[in-house]
Amino acid sequence: MPHSTTIFDQDIRDEILRMLPDKNASILDVGAGSGKYRHLLQDYPNVDCVEAWEPYCEAYDLHHLYRNLFCCMVQDFKDYGAYDLVILGD
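The paragraphs below set out a description of the structure included in this document. Note that the structure is predicted; figures quoted are calculated from it, not measured.

Let's talk about helix H1 (residues 9-19)
One full turn of an α-helix is made of 3.6 residues, so residues set three or four places apart face in the same direction.
Phase 1: Inspection of H1 places Asp-9, Arg-13 and Ile-16 among the buried residues, and these make up the whole buried set. End-on, the buried residues of H1 take up no more than an arc of 65°, which puts them together on one face.
Phase 2: On its buried face, H1 is in contact with helix H2 (36-40) and strand E4 (85-88).

Here we look at the pairing of strand E2 (residues 47-50)
Put simply, side chains in a regular strand alternate between the two faces of the sheet.
Phase 1: In E2, alternate side chains face the same way, and those of Val-47 and Cys-49 on one face and Asp-48 and Val-50 on the other are all buried.
Phase 2: Pairing of strand E1 (residues 27-30) with E2, which is carried by four bridges, proceeds in the parallel orientation. Within E2, the position partnered with Asp-29 by the bridge is Cys-49.
Phase 3: Bridging between E2 and strand E3 (residues 69-70) involves two bridges; their strand directions are parallel. Bridge pairing in E3 links Val-50 to Phe-70.

Description of the sheet that holds E2
Phase 1: The strand order across the open sheet built from four strands is E3-E2-E1-E4, with neighbouring strands paired in parallel fashion. The strands lining the two open edges of the sheet, one partner per strand, are E3 and E4.

Concerning the environment of Asp-79
Phase 1: Within the secondary structure, Asp-79 sits in the loop between E3 and E4.
Phase 2: You can call Asp-79 partly exposed: its relative accessible area is 47%.
Phase 3: Residues Asp-79 and Tyr-37, spaced 42 residues apart in sequence, show a C-alpha to C-alpha distance of 19 Å.

Thresholds applied
Residues numbered from 1 in each chain as written. Predicted model: local features only at pLDDT ≥ 70, side-chain atom pairs only at ≥ 80, totals over all residues. Heavy atoms only, no water. Buried < 20%, exposed > 50% of the residue type's maximum accessible area, 1.4 Å probe, protein only. Helix = DSSP H or I, 4+ residues; strand = E, 2+ residues; numbered from the N terminus. Arc of directions from axis to C-beta. Contact = heavy atoms within 4.5 Å. Pairing = 2+ DSSP bridges.

What is shown is where atoms sit, not what they do.
Here it is, written out as structure tokens:
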């Protein structure tokens, strides 16, 4: 299921803004689903994602939503160190 609860969305956004005040920081959203964290962090231009379920990559147009889309299994992605923050959402 690509959608998660929205109860803590504002708290999550506030915490990320506190941790990463530099809007040019690089962020990786692992398990992007429908792109929830990209929508929450619209003011950060450097947000990439890893999504293993290829139908979501197309259904949610993730290749246009994120700067870079890596449609692969999380264990096959090796560049975590290239990011200031890695989000493992749900």
